Amino acid sequence: MNQLSFITRFVAYLPDDSDLGAKELSCAAGLIDGLRLDTLWRDGYLLAVAAPVPSSTAVQPTMLLDVFAGTAASARLAAVSFDGADSEAVHQKAEQSAQCYNLLQPTETSLSVESDALGLKPIHIARTPGGNVLGTRIADLLHLFPALAEPADRVAMYELMGFWTPLAGRTLHQRIRRTLPGGCYRWTRATGLSARRGRDIRPSPIAAHRLLDEAIETIRDTSSQSLLDKTTGAARPVIMALSGGFDSRLIAALCRDHGIEIRALNYGRRQNEEWHSARAVAQTLNLKLEMIPYRGDNTLRHLAHHLETMEGTADLASSSIMNLFEASSTPGSPLLHGYCGDAQAGLRVGDFSAAQYASHESLVDSVLQRYYASTRPNLHDLFVPAIDLDEVHQDILSGLRTDCSPQQAYVLWYLENRNRRHVGSYFSLLGGHFDTIMPFYDRRLFAIWSSIPPIALVDRGVFRSLLAHYYPALARIPHPEEPAPIVPNLRWQLGRFCRSLPQHMLTRAMGARRARDVFLRFHRHSHIWNLANLAAPQHRAHMLSRVAALRPVLKDVLGMELSPHYETALSADLQALRSVFLAAEYAQRRAAAT
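Bear in mind that the values here come from a model prediction, so they are computed numbers and not experimental data.

Caption draft 1: Here's a closer look at the overall build of the chain. Helix and strand counts for the chain stand at 26 helices and 19 strands. Relative to the 2.2 N^0.38 estimate, which gives 25 Å for 594 residues, the radius of gyration of the chain is 24 Å and therefore close to what a compact globule would have. The buried share of the chain, taken over its 594 residues, is 58%. Sequence-distant contacts in the chain: of pairs separated by 6 or more residues, those separated by 24 or more amount to 74%. Counting only carbon and sulfur atoms, one obtains 53% of the accessible surface of the chain, whose full area is about 23600 Å².

Caption draft 2: Main features of the pairing of strand β13 (residues 238–241). Across 4 bridges, β13 lies against strand β14 (residues 262–268) in parallel orientation. Residue Ile239 lies in a different strand from β14, and its bridge partner there is Arg263. Handedness of the crossover joining β13 and β14 through helix α8 (residues 246–257) is recorded here as right-handed. Across 2 bridges, the pairing between β13 and strand β16 (residues 333–336) is parallel. Across the sheet, residue Ile239 finds its bridge partner in β16, namely Leu335.

Caption draft 3: Spotlight on the packing of helix α6 (residues 154–163) against helix α26 (residues 574–593). Running from N to C, α6 and α26 point in directions that differ by 135°, and their axes come no closer than 8 Å. In terms of orientation, α6 and α26 fall into the oblique class. In this structure, the crossing between α6 and α26 has a hand that is right-handed. Where α6 approaches α26, its residues Met157, Leu160, Met161, Gly162 and Phe163 are matched on the opposing element by Gln575, Ala576, Ser579, Val580, Leu582 and Ala583. Grouping the amino acids of the contact of α6 with α26 by side-chain chemistry returns 8 nonpolar, 3 polar and no charged.

Caption draft 4: Structural view of the pattern of salt bridges. Going through the model one piece at a time under the given rule, you end up with 33 salt bridges. With a closest N to O distance of 2.8 Å, Arg263 and Glu290 form a salt bridge. One end of the pair, Arg263, is in strand β14; the other, Glu290, is in strand β15 (residues 289–293), with 27 residues separating them in the sequence. Put simply, Arg444 and Asp442 hold a salt bridge, and the shortest N to O gap is 2.8 Å. Each member of the salt-bridge network shares a partner with another, and the members are Asp153, Glu159, Arg170, Glu391 and Asp395.

Caption draft 5: Fine view of the packing of aromatic side chains. Per the counting criterion, the structure on display carries 18 aromatic pairs. Plain terms: the ring middles of Trp41 and Tyr45 are 6.0 Å apart, the flat faces sit at 25° to each other, and that makes the pair stacked. The same class applies to Trp41 and to Tyr45, which are both buried. A ring pair is formed by Tyr158 and Tyr372, whose centres lie 4.5 Å apart and whose planes are at 5°; its orientation type is stacked. Of this pair, Tyr158 sits in helix α6 while Tyr372 is found in helix α13 (residues 360–372), placing the two residues 214 residues apart along the sequence. We note that Tyr158, like Tyr372, is buried. Pairwise contacts between aromatic rings join Tyr158, Phe163, Phe352, Tyr357, Tyr371, Tyr372, Tyr410 and Trp413 into one cluster.

Caption draft 6: Inspection of helix α11 (residues 303–310) at higher detail. The set of residues buried in α11 consists of Leu303, His306, Leu307 and Met310. Relative to the axis of α11, the buried residues are bounded by an arc of 95° and lie together on one face. Those residues of α11 that are buried lie in contact with α10 (298–301), α17 (425–430) and α26. Trailing α11 by a residue or two, Glu311 shows a phi angle of about 55°, which is positive.

Caption draft 7: Seen up close, the sheet that holds strand β6 (residues 102–106). Read from one edge of the open sheet, 6 strands run β1-β5-β6-β7-β11-β12, paired in mixed fashion. A single partner strand is all that each edge strand has here, and the edge strands are β1 (4–7) and β12 (192–197). Averaged over all neighbouring strand pairs, the angle between strand axes comes to 15°, with direction disregarded. In this sheet, strand β5 (residues 63–66) lies alongside β1 in parallel orientation, the contact comprising 4 bridges. Within β5, the position partnered with Ile7 by the bridge is Asp66.

Caption draft 8: Layout of the packing of α13 against helix α15 (residues 389–399). Relative to each other, α13 and α15 sit at 120°, their axes nearing to 10 Å. Viewed along their axes, α13 and α15 adopt a mutual orientation that is oblique. In this structure, α13 crosses over α15, and the sense of that crossing is right-handed. Judged by residue contacts, His360, Glu361, Val364, Asp365, Val367 and Leu368 of α13 engage Val392, His393, Ile396 and Leu397 from α15. In the contact of α13 with α15, the residues fall into 6 nonpolar, 2 polar and 2 charged.

Caption draft 9: A look at the state of the cysteines. A complete count under the given rule lists 0 disulfides for this structure. Counting only cysteine sulfurs, Cys340 is the nearest neighbor of Cys100, a cysteine outside any disulfide, at a range of 10 Å. Relative accessible area serves as the criterion here: at 4%, Cys100 is assigned to the buried category. Residue Cys404 stays outside any disulfide, its sulfur separated by 15 Å from that of Cys340, the closest cysteine.

Caption draft 10: Spatial organisation of unusual backbone geometry. Cis rather than trans, the peptide bond between Glu150 and Pro151 has omega equal to 0°. Looking at the element boundaries, Pro151 is found in the loop between α5 (138–144) and α6. One non-glycine residue with positive phi stands out, namely Arg36, at about 55°. Within the secondary structure, Arg36 is located in the loop between α1 (19–31) and β3 (38–41). Positive phi is not limited to glycine here, since Gln99 has a value of about 70°.

Caption draft 11: Structural view of the sheet that holds β3. The sheet built from 6 strands is open, its strands ordered β3-β4-β2-β9-β8-β10 with antiparallel pairing. Looking at the sheet topology across the chains shown, the edges are occupied by β3 and β10 (176–178). With strand direction ignored, the average angle separating the axes of adjacent strands in the sheet is 20°. Strand direction decides the pairing type here: β3 and strand β4 (residues 46–50), joined by 3 bridges, are antiparallel. Each residue of the ladder has a partner; that of Asp38, found in β4, is Val49. Across the face of the sheet, α1 comes into contact with β2 (9–15), β4, β8 (124–128) and β9 (131–135) while running at roughly 155° to β2.

The rules behind the values
- Residues numbered from 1 in each chain as written.
- Predicted model: local features only at pLDDT ≥ 70, side-chain atom pairs only at ≥ 80, totals over all residues.
- Heavy atoms only, no water.
- Helix = DSSP H or I, 4+ residues; strand = E, 2+ residues; numbered from the N terminus.
- Rg over C-alpha atoms; globule rule 2.2 N^0.38 Å.
- Buried < 20%, exposed > 50% of the residue type's maximum accessible area, 1.4 Å probe, protein only.
- Contact = heavy atoms within 4.5 Å.
- Areas by Shrake-Rupley, 256 points an atom, 1.4 Å probe, with all protein chains shown as cover.
- Pairing = 2+ DSSP bridges.
- Right-handed = clockwise from strand over helix to strand, strands pointing away.
- Axes fitted to C-alpha atoms, helices over the stretch in contact; angles between N-to-C directions.
- Parallel < 35°, antiparallel > 145°, perpendicular 65-115°, else oblique.
- Left-handed = near helix turned anticlockwise from the far one by under 90°.
- Nonpolar A, V, L, I, M, F, W, Y, C, P; charged D, E, K, R; others polar.
- Salt bridge = Lys/Arg side-chain N within 4 Å of Asp/Glu carboxyl O.
- Phe/Tyr/Trp six-rings, centres within 6.5 Å; stacked < 30°, edge-to-face > 60°.
- Arc of directions from axis to C-beta.
- Disulfide = S-S within 2.5 Å.

See the structure below:
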């Protein structure tokens, strides 16, 4: 009978069938104790893990489910029985319970590692002279094989500045990569390590004649079923960050429909549009909304946790989600999140015209223009030597599938790159405490959304129709980032105009740039997500100062040399400044660790 145990972190060294592989295995085994992990295998290959609860049985587990610590501590996962299940049954149960996970199957002579559909629980992998090493943390790989730190990946830095995350599995270390979305890795001593994308998301054929009413009914019913499946066994009330956007309001409405008690939270400030939308949604659904104050130094206050968890692979703007730590809650508390909802529903489908979707090459050029339109000329030569933009082009092109429509290929590319690694970083950052539940992260829903003709998905048209049809009162509340609601609401639009009047008046009196600086200095942002961008003049000055101070460390540790004109370029581009600041702080952390 299969024996399954939960783990929250692992590292494995898988040697080639060679003398060099045997030598590296011996060296790695001698260093593994420094990571404070439990070593399960030392003969033939090395596997060490961190278990949330030490095993009380002497039986060696045949399967290990790698999950976040918050999920491991949850009542939801404890309610699932994995006894005697084979690997496919474990995957089916884990997709509904853990959601972000990796399944490891160790034997005396082999190891297989398989991820969830997008690979949201990070694994990093690197080739050594005598084998392969893979594990949860980049720091663990570098502990066993310090030489993997060099050379730095300057292309990853350039991509971080444009997409808020590196693409194609890149990290700041050229030899270390993130594993494939839905990746299946298998190793034996005789055959070595093989990799394939066996559990990734596949698009459905487009149903050109699908009726709108049928589509929105199916989406609502499937979303309801997914919510019920994934909240089974979860403690009540379930915490929910109610932003006022389409995803969170639909989840809140479905929870009300099915009697799922939720604790609605909103973080930010009362001038933020998200607060006004969330409050209106809460009032409509008869929910009490708790306001968590957002500190102006939130991003810098959580910098150490961000560096330890994301290791330089996600923009600092993702720090905003860590404000949820301010809400009182116990480890393993369930947290509802609308991940994947807007991306599946067509948020990005309308980014490009039919001509831009005509070929993969034109689509790649359009993607680059979209994300680097104003900064691309300045940033590719920010480092010495200049970055080869052909590599960025190839990273995007290699991620676009050829077995589906161009629009489907772009949505999948977005999900498997920017969405997976930037938005997906939320779950790594929160995972030590919360058990995150994502009703929209579901294969059944993706199959439905991908079958809808792309023209119907532009501007999330089907999602809007769903809200207008089933929840018209919610459709009268505008999305926080849009000027008008789905269903006209003159009173709301007048209120928004009045809230924006002071900024318009100050702009006319002082000019756009000076007025913006005044609002930023006092954190008078219109939107919550701006609070994490470090856009205030004092934050920009702090980041520039730190980059200047850590410039030698950035060069010594990561081999990244800034060009002489770097300060001018970074002063003009906030996103680039955040990225270089992040890399410099990461280099400083690496220097301290070694």
